[in-house]
Each structure stands twice: as structure tokens, then as C-alpha cells.
Amino acid sequence: VLAASPETSLSFFFNQTFADDTKFDGDTINGSDQVIGTFSLGAATILGRNVLLSVTGEIGLTDDAPEYAIGASLPIRFDLPTF
């Protein structure tokens, strides 16, 4: 993760997951093992006092991984009075 400015950050991730063979009633299910590798890029910036915008993109690096994925989130903090 890199702080590009006081309000903005950039992120770069490599994710890798290994899944072993699945067994059912003692029998191994063919093709159930997987190697999933992805590369993720993201950016987050403060839009206002209590609002953040985060955008991410992900590309698959292995045959078992999804081709791509995108995501966005807009967390908003509400200042509610506490009792």
C-alpha cells in the first residue's frame, strides 16, 4: 500500500490460494484441486469529512482464477449521538 497523498492511497496485491483434492466417501473427486492466483490494484480517496471512495480491480493469473473482478465501496460514517 502506498500513500500517494494525505487523502489518497494506492494498493497492489498478489494473492495466491492452493486448494487440495476434495474427497467424498473416501474417493477423490478428479479436477477438484486448484491453484488460484490474482493480481489486485486499488485506490482509495477521501471525498469528504466522513466519506471514503475505494475502487479495486483484479485480474486472474491462473486458469482456475476468475478472468477479472472489479469492486467499489463508499463507506460513510454517521456521527450519531451516544447515550
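In the block above lies the structure referred to throughout.
Within any chain, residue numbers begin from 1 and follow the written order of that chain's sequence. Only residues with pLDDT of at least 70 get local features here, since the model is predicted, and only at 80 or more are side-chain atom pairs given and counted; chain-wide, interface and lining totals rely on the full set of residues. Heavy atoms throughout the structure, all of them, feed into the side-chain values; hydrogens and water do not.

(A) Expanded view of the side chain of Ser40. Checked against the element boundaries, Ser40 lands in strand β5 (residues 34-48). On the basis of relative accessibility, which here comes to 11%, the residue Ser40 falls in the buried class. Here a polar contact means two N or O atoms within 3.5 Å. Within protein one must be a hydrogen donor candidate and the other an acceptor candidate, and residues neighboring in sequence count only if both atoms are side-chain atoms. In terms of polar contacts, Ser40 uses its side chain to reach the side chain of Asn15, at 3.4 Å. Strands here mean DSSP runs of E at least two residues long; helices mean DSSP runs of H or I at least four residues long; both are numbered from the N terminus. A 1.4 Å probe rolled over the protein chains alone gives each residue an accessible area, and that area as a share of the maximum for its type sets the label: buried under 20%, exposed over 50%, partly exposed in between.

(B) Expanded view of the sheet that holds strand β2 (residues 8-19). When DSSP finds at least two bridges between two strands, those strands are taken to pair. Strand order in the open sheet made by the 5 strands is β1-β2-β5-β6-β7, with antiparallel pairing throughout. Strands at the two margins of the open sheet, each flanked by one partner only, are β1 (2-3) and β7 (68-73). With 12 bridges joining them, β2 and β5 adopt antiparallel strand pairing. What sits directly across from Phe13, in β5, is Ser40.

(C) Representation of a negative patch on the surface in the model. Patches here are clusters of residues that have more than 30% relative accessible area and form no salt bridge, with a 9 Å joining cutoff for like charges and a 5 Å cutoff for nonpolar side chains (Val, Leu, Ile, Met, Phe, Trp, Tyr). Per-residue and other accessible areas were derived by the Shrake-Rupley procedure at a 1.4 Å probe size, with only the shown protein chains allowed to occlude residues. Every case where a carboxyl oxygen of Asp or Glu lies within 4 Å of a side-chain nitrogen of Lys or Arg is listed as a salt bridge. Only four residue types enter the tally: Lys and Arg on the positive side, Asp and Glu on the negative side, with His and both chain ends excluded. A charge is said to be at NZ when it belongs to Lys, at CZ for Arg, at CG for Asp and at CD for Glu. On the surface, Asp20, Asp21, Asp33, Asp63, Asp64 and Glu67 cluster together into a negatively charged patch. Note that Asp33 resides in the loop between β4 (27-28) and β5.

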